[in-house]
Amino acid sequence: MDNEKQHDEDLLEEDLVEEINEDDLDEDYIDGEIVDDDEEVKEEIIEEDFDEFKDKYQRLLADFTNYKQREEAGKADFKKYACSNLVEKLLPVLDNFDRALTGADESDPLVKGVIMTRDEMLRILANEGLEPIPSDGEIFDYNLHQAVLTEESDEVEADHIIETLQKGYKLNDRVIRPAMVKVAK
């Protein structure tokens, strides 16, 4: 019985195929639709992939550009402050020059030589970016000055510096040693 059933189905299929007149159908249209749908889907996928890769590329490029800028800024800072350790070690030498010259006779040739040496050292350090922090008579600024003593004064206004006990210095606008000062109450 299975054979008869199969045979009947085959006959039905043949009849249906004969009934369909393939000349009446536009194969190009059917094939074109199918191909166009596939091509459109492929184009959409390609476009989505392209947009995704383009977005990733742009982000990566922006990250790399930011990285380069940070590295260049870091190198510039390193160059700017590379000599800070040496400068900090030379500050006590400047202090000793100042102490040695306090009350010295400037007409003495030895004192003149010490003054010239001190001035030359200050010039060299200034070329590296060292500058003294102004203090005497200035308003006390905790970012630049370190208050060691306070004293009441009729001559100096409150919160102003009466006397500088040790000079302070900045290297390229960064404080490397605050000025030690006496402040008026």
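Predicted model only: the values in this text are computed from it and were never measured. Position numbers for residues start from 1 in each chain and track the written sequence from start to end. Since the coordinates come from a predicted model, pLDDT governs what is reported: local features require at least 70, and pairs of side-chain atoms require 80 or more to be given and counted, while whole-chain, interface and lining totals use all residues. For the side-chain quantities, the full set of heavy atoms in the structure was used; hydrogens and water were omitted.

Participant: Sorry, what's going on with the nonpolar core here?
Facilitator: Side chains of nonpolar character tend, in soluble globular proteins, to be buried together. Grouping buried Ala, Val, Leu, Ile, Met, Phe, Trp, Tyr and Cys residues that are joined through side-chain atoms within 4.5 Å yields what is termed a nonpolar core. For every residue, the accessible area obtained with a 1.4 Å probe (protein chains only) is divided by the maximum for its type, and the residue is called buried under 20%, exposed over 50%, and partly exposed between those limits. If you look at the biggest cluster of nonpolar residues, it comprises 12 residues: Tyr81, Cys83, Val87, Leu91, Leu94, Phe97, Met121, Leu125, Leu130, Tyr169, Leu171 and Ile176. Put simply, DSSP H or I for four residues or longer makes a helix, DSSP E for two residues or longer makes a strand, and each gets a number counted from the N terminus. Those elements that provide at least two residues to this core are helix H3 (84-101), helix H4 (109-127) and strand S4 (168-171). Looking at which element gives the most residues to this core, the answer is H3, with 4 residues. Whether two residues are in contact is decided by their heavy atoms: any pair within 4.5 Å suffices. Setting aside residues no more than four positions away along its own chain, Leu171 makes contact with Tyr81, Cys83, Ser84, Glu128, Gly129, Leu130 and Ile176.

Participant: I would appreciate a short explanation of the packing of H3 against H4 in the present structure.
Facilitator: To describe two helices that pack against each other, one gives the angle between their axes and the distance between the axes. Interhelical geometry of H3 versus H4 gives an angle of 150° and a closest axis separation of 10 Å. With respect to H4, the axis of H3 lies roughly antiparallel. Viewed along their axes, H3 and H4 form a crossing whose handedness is left-handed. Here Val87, Leu90, Val93, Leu94, Phe97, Asp98 and Leu101 of H3 come into contact with H4, specifically with Val111, Val114, Ile115, Thr117, Arg118, Met121, Leu122 and Leu125. The classification used treats Ala, Val, Leu, Ile, Met, Phe, Trp, Tyr, Cys and Pro as nonpolar, Asp, Glu, Lys and Arg as charged, and all other residues, Gly among them, as polar. Residue composition of the contact of H3 with H4, by class: 12 nonpolar, 1 polar and 2 charged. Here the axes come from fitting lines to C-alpha atoms, over the contacting stretch only for helices, and the angles between their N-to-C directions go from 0 to 180 degrees. Any angle that is under 35 degrees is reported as roughly parallel, and any over 145 degrees as roughly antiparallel; angles of 65 to 115 degrees are reported as roughly perpendicular and all others as oblique. Helix crossings fall into two classes, left-handed where the near helix is turned counterclockwise from the far one by less than a right angle and right-handed where it is turned clockwise.

Participant: Is there a simple way to think about the pattern of salt bridges in this case?
Facilitator: Charged atoms that come close allow side chains of opposite charge to pair. One side-chain nitrogen of Lys or Arg within 4 Å of one carboxyl oxygen of Asp or Glu is enough to make a salt bridge. For the coordinates displayed, the defined rule picks out 9 salt bridges. In this structure, Asp98 and Arg118 form a salt bridge, with 2.5 Å as the shortest nitrogen-oxygen distance. Of the two residues, Asp98 sits in helix H3 while Arg118 sits in helix H4, which places them 20 residues apart along the sequence. For Arg118, the salt bridge goes to Asp119, with nearest N and O atoms at 3.0 Å.

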